[in-house]
Amino acid sequence: MSRAITSLSNPIVKAVRALHMRKAREESGQFLAEGLKIVTEAVELGHAPRILLFGAEAAGHPLLRRAVQVTEAAGGEAIEVSRDILAKISRRDNPQTVLAVFEQAFAPLQNLSPGSASGWVALEAVRDPGNLGTIVRTADAAGCGGVILVGDCCDPFSVEAVRATMGSIFAVKIARAAVAEFIAWRAGWPGSVVGTLLTATTDFRAAAYAPPTLILMGNEQAGLTPELVAACDVAVKIPMRGRADSLNLAVATGIMIYAATN
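The rules behind each value
- Residues numbered from 1 in each chain as written.
- Predicted model: local features only at pLDDT ≥ 70, side-chain atom pairs only at ≥ 80, totals over all residues.
- Heavy atoms only, no water.
- Axes fitted to C-alpha atoms, helices over the stretch in contact; angles between N-to-C directions.
- Helix = DSSP H or I, 4+ residues; strand = E, 2+ residues; numbered from the N terminus.
- Parallel < 35°, antiparallel > 145°, perpendicular 65-115°, else oblique.
- Left-handed = near helix turned anticlockwise from the far one by under 90°.
- Contact = heavy atoms within 4.5 Å.
- Nonpolar A, V, L, I, M, F, W, Y, C, P; charged D, E, K, R; others polar.
- Buried < 20%, exposed > 50% of the residue type's maximum accessible area, 1.4 Å probe, protein only.
- Arc of directions from axis to C-beta.
- Core = buried A, V, L, I, M, F, W, Y, C linked by side-chain atoms within 4.5 Å.
- Pairing = 2+ DSSP bridges.
- Right-handed = clockwise from strand over helix to strand, strands pointing away.
- Polar contact = N/O pair within 3.5 Å; in protein donor to acceptor, adjacent residues only side chain to side chain.
- 1 Å grid on protein atoms, 1.4 Å probe; cavity = no way out; pocket = protein on both sides within 12 Å on 5 of 7 lines; lining within 4 Å.
- Points joined across faces, edges and corners; volume = space filled by probe spheres on them.

Chemist: Could you clarify how one ought to interpret the packing of helix α6 (residues 129-141) against helix α10 (residues 249-260) in this entry?
Modeler: Think of two packed helices as two axes; the pair is described by the angle between the axes and how far apart they sit. Where α6 contacts α10, the axes come no closer than 9 Å and their chain directions differ by 15°. Here α10 runs roughly parallel to α6, going by the angle between their axes. Between α6 and α10 the crossing geometry is right-handed. Of the residues in α10, those in contact with Asn131, Thr134, Ile135, Thr138, Ala139 and Ala141 of α6 are Leu249, Ala250, Thr253, Gly254, Ile257 and Tyr258. Residue composition of the contact of α6 with α10, grouped by class: seven nonpolar, five polar and no charged.

Structure representation (structure tokens):
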């Protein structure tokens, strides 16, 4: 039977709310996901919540009942909470009626299998969690094998990034690597490694991509560092025809994903 919590000062409420902070996520190895849709995606993909919090208005939903069963069968805890608690944890005046805590999972770089998908994405020093989450979602939609975070990137398990994935955080392999580690691993890549560069002369639509294609995208402001530029064997540009001189990183990555993995 699920129990109930009504106190805003309850230790579980405090611990879950703390997952908004990167330090708490790193120390616990856990992260917070919001909404019944995302929780359902997780459950369907075999990820059981460690803690499942829900409001009374969601208690009768069949998808929530299934999530409660999965949570408790895996040794987790399902707890009914007040709307005030949901608002405090989510830091929103109009919170989702279901929140859940999951274990983080990074895929070891050496365990990735390039040939298992036609496209992969590597991001160097991405800073914006909304961009990162959107890229994970796009990679999922396009059937990419995974997303590799190179260097000092923002946290893919932040609340903002997870929210932007719309559940794809549970479907896409996420790996991370230092620059030197990534470059050494990339040396064995069996297909094309492609990057977008301001100095490139080849239109992204005209380039030849040999699958599996590894799409390497740089930091939002600075782009790829010289070390990562040298790791690319295909350099392309996305033409700017209007007054804008650049694209949002998530938009540019989405364009490249679908161009290079058809």
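Read on, since the account is not over.
Chemist: Quick question: what am I supposed to make of helix α5 (residues 83-90) here?
Modeler: For the α-helix, the turn length of 3.6 residues means that residues three or four positions removed from each other point alike. Of the positions making up α5, those classed as buried are Ile85, Leu86, Ile89 and Ser90. The arc enclosing the buried residues of α5, seen along the axis, measures out at 120°, which places them on a common side. Of the residues trailing α5, Arg91 is marked for its positive phi of about 60°.

Chemist: Can you walk me through the nonpolar core in this structure?
Modeler: Across soluble globular proteins, you tend to see nonpolar side chains buried next to one another. Grouped together as the largest cluster of nonpolar side chains are 51 residues, with contacts concentrated most on Leu52, Leu123, Val147, Tyr209 and Met256. Element by element, the count of residues in this core is highest for α10, at six residues. Discounting chain neighbours no more than four positions away, the residues touching Tyr209 are Ser192, Val194, Phe204, Val234, Val236, Met256, Ala259 and Ala260. Listed in part, the 21 residues of the second largest apolar core include Leu109, Leu112, Ala117 and Ala122.

Chemist: Teacher, can you tell me more about the sheet that holds strand β6 (residues 119-124) here?
Modeler: Strand pairing in a sheet is mediated by backbone hydrogen bonds. Such pairs are either parallel or antiparallel. Strand order in the open sheet formed by six strands is β8-β7-β6-β10-β9-β11, with parallel pairing between adjacent strands. Because the sheet does not close on itself, it has two edges, and the strands there are β8 (173-177) and β11 (234-236). On average, adjacent strands in this sheet sit at an angle of 25° to one another, irrespective of strand direction. In this sheet, β8 lies alongside strand β7 (residues 146-150) in parallel orientation, the contact comprising five bridges. Each bridged residue has a counterpart across the sheet, and for Val150 the counterpart in β8 is Ala177. Running over the sheet, α10 touches β6, β9 (193-196), β10 (213-217) and β11 and is turned about 165° from β10.

Chemist: Explain the sheet that holds strand β4 (residues 77-81) to me, please; I cannot follow it from the model alone.
Modeler: Spatial strand order, β1-β4-β3-β5-β2: five strands in an open sheet with mixed pairing. Looking at which strands have only one partner, the edges of the open sheet turn out to be β1 (3-5) and β2 (30-34). Neighbouring strand axes in the sheet, compared pairwise and without regard to direction, differ in orientation by 25° on average. Pairing between strand β3 (residues 51-54) and strand β5 (residues 98-103): four bridges, direction antiparallel. Each residue of the ladder has a partner; that of Leu53, found in β5, is Leu99.

Chemist: Whenever I open this one, the pairing of β4 confuses me. Can you help?
Modeler: Within a regular strand, side chains alternate between the sheet's two faces. The sheet contact formed by β1 and β4 spans three bridges and is parallel. Following the sheet pairing, Ile5 is matched in β4 by Val81. Bridge count between β3 and β4: four bridges; the pairing is parallel. Bridging from a neighbouring strand, Leu52 pairs with Ala78 of β4. Handedness of the crossover joining β3 and β4 through helix α4 (residues 62-73) is recorded here as right-handed.

Chemist: Looking at this structure, I do not really get helix α3 (residues 36-44). What am I missing?
Modeler: Those residues of α3 lying buried are Leu36, Ile38, Val39, Thr40, Ala42 and Val43. Among the structural elements, β2, β3, α4, β5 and α7 (159-165) are those in contact with the buried residues of α3. Two residues or fewer past α3, Gly46 is found with a positive phi of approximately 90°.

Chemist: Sorry if this is basic, but what is going on with the side chain of Gln30 here?
Modeler: Among the secondary structure elements, Gln30 is positioned in strand β2. Reaching out from Gln30, the side chain makes a polar contact with the side chain of Glu103 at a distance of 3.2 Å. Leaving out residues up to four positions away in the same chain, Gln30 has contacts with Leu19, Arg25, Arg50, Val101, Phe102, Glu103 and Gln104.

Chemist: Is there a simple way to explain the layout of surface pockets in this structure?
Modeler: Where empty space is left in the structure can be found by rolling a water-sized probe over the atoms. Estimated volume of the largest pocket: approximately 680 Å³. Thr196, Leu198, Gly223, Ser246 and Leu247 are the residues nearest the centre of the largest pocket, which is lined by 25 residues in total. Residue composition of the lining of the largest pocket, by class: 13 nonpolar, nine polar and three charged. Volume-wise, the second largest pocket comes out at about 220 Å³. Looking at the second largest pocket, it is lined by 13 residues, and the ones nearest its centre are Arg22, Glu26, Phe106, Asp155 and Arg176. Ranked by residues supplied to the lining of the second largest pocket, first place goes to helix α2 (residues 22-28) with three residues.

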